[in-house]
Amino acid sequence: MKIWLDGGLRDSEAARVSVLDHGLTVGDGVFETVKAADGKPFALTRHLDRLARSARGLGLPEPDRDEVRRACAAVLEANPVPLGRLRITYTGGLGPLGSDRGAHGPTLVVALDGTRRRPDSTAVITVPWTRNERGALTGLKTTSYAENVVALARATRQGATEALFGNTAGRLCEGTGSNVFVVLDGEIHTPPLASGCLAGVTRALTIEWTGAKETDLPLDVLARADEIFLTSTLRDVQAVHRVDDRELPDAPGPVTAKAMRVFEERSGHDLDP
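Residues numbered from 1 in each chain as written. Predicted model: local features only at pLDDT ≥ 70, side-chain atom pairs only at ≥ 80, totals over all residues. Heavy atoms only, no water.

Colleague: Sorry if this is basic, but what is going on with the environment of Asp244 here?
Modeller: Relative to the helices and strands, Asp244 resides in the loop between strand E14 (236-243) and strand E15 (246-247). The exposure class assigned to Asp244 is partly exposed, which follows from its relative accessible area of 27%. In this view, Asp244 contacts Val124, Ile125 and Thr126; residues no more than four positions away in its chain are not counted. A polar atom in the side chain of Asp244 sits 2.6 Å from the side chain of Thr126. (Helix = DSSP H or I, 4+ residues; strand = E, 2+ residues; numbered from the N terminus. Buried < 20%, exposed > 50% of the residue type's maximum accessible area, 1.4 Å probe, protein only. Contact = heavy atoms within 4.5 Å. Polar contact = N/O pair within 3.5 Å; in protein donor to acceptor, adjacent residues only side chain to side chain.)

Quick look at the structure:
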């Protein structure tokens, strides 16, 4: 495998980041995951826009978008896979063993691994921990991901592929790596950004392409929604057939199925919407 690290391609065995990198020591970094089919990235411009927003939110220098594009193209060319997960990681770089940043400048890593198309439906759980909709990192896609690791591990132990969070106000927020949508009386709703959820790229496209409404929703809406689905870079639109102990045996329901078709058609016609 070839990995881009700070200006060029390296063999995976030779691609090494310092143990003093701030992304490792204190989680001072941001990242994006981009879907790539047959060597072509999907919605790369939107992902780079969010990478820049996240970097600004952490106070990091804005990444050089031309360099990131070159890095993505080089990695995709060097590692041909039918369906891939392209990971862009941008950290604070070398720093002290504390929260203060160093003066060496950021670290940029771009890597790729193969993946498979997701099933049409999945199971999810809710977790007792909350998203802080007023936190310093709210809305930023940072490498401080341990909270998501813990929640996803619980979901895996319960036979699910995603864990859903409420926020501190008891409102529905998001998953560990996805946004959540519900269908109520034939209409699609998703929590607003004010809930503390990430501004997902697939979320935004789904809202644009289906007319979904951003609605402040209680967490218990999951117990009564007619249909539930998730969106993310690698899930696209994926139906939920079980949430906790509640079964939705007809998933994907008709509204979700239409959203899945619309997303597949629209994304197939425009790789950088």
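Colleague: I keep staring at the nonpolar core and nothing clicks. Help me out?
Modeller: Side chains of nonpolar character tend, in soluble globular proteins, to be buried together. Within the largest apolar cluster, 23 residues are counted, with the highest numbers of intra-cluster contacts made by Trp4, Cys72, Leu86, Ile88, Tyr90, Leu108 and Val110. No other element matches the six residues that helix H3 (residues 65-78) contributes to this core. Discounting residues that sit within four places of it in the chain, Cys72 has contacts with Leu44, Leu86, Ile88 and Val110. Phe42, Ala43, Ile188 and Val201 belong to the second-largest nonpolar core, a separate cluster that totals 16 residues. (Core = buried A, V, L, I, M, F, W, Y, C linked by side-chain atoms within 4.5 Å.)

Colleague: Sorry if this is basic, but what is going on with the pattern of salt bridges here?
Modeller: Two side chains carrying opposite charge are able to pair once their charged atoms lie near each other. On inspection of all chains with the given rule, the structure shows 16 salt bridges. Residue Glu147 pairs with Arg131 through a salt bridge whose shortest N-O separation is 2.6 Å. You can see Glu147 sitting in helix H4 (residues 146-157) and its partner Arg131 sitting in strand E7 (residues 121-131), a full 16 residues away along the chain. The class of Glu147 is partly exposed, set by a relative accessible area of 40%. (Salt bridge = Lys/Arg side-chain N within 4 Å of Asp/Glu carboxyl O.)

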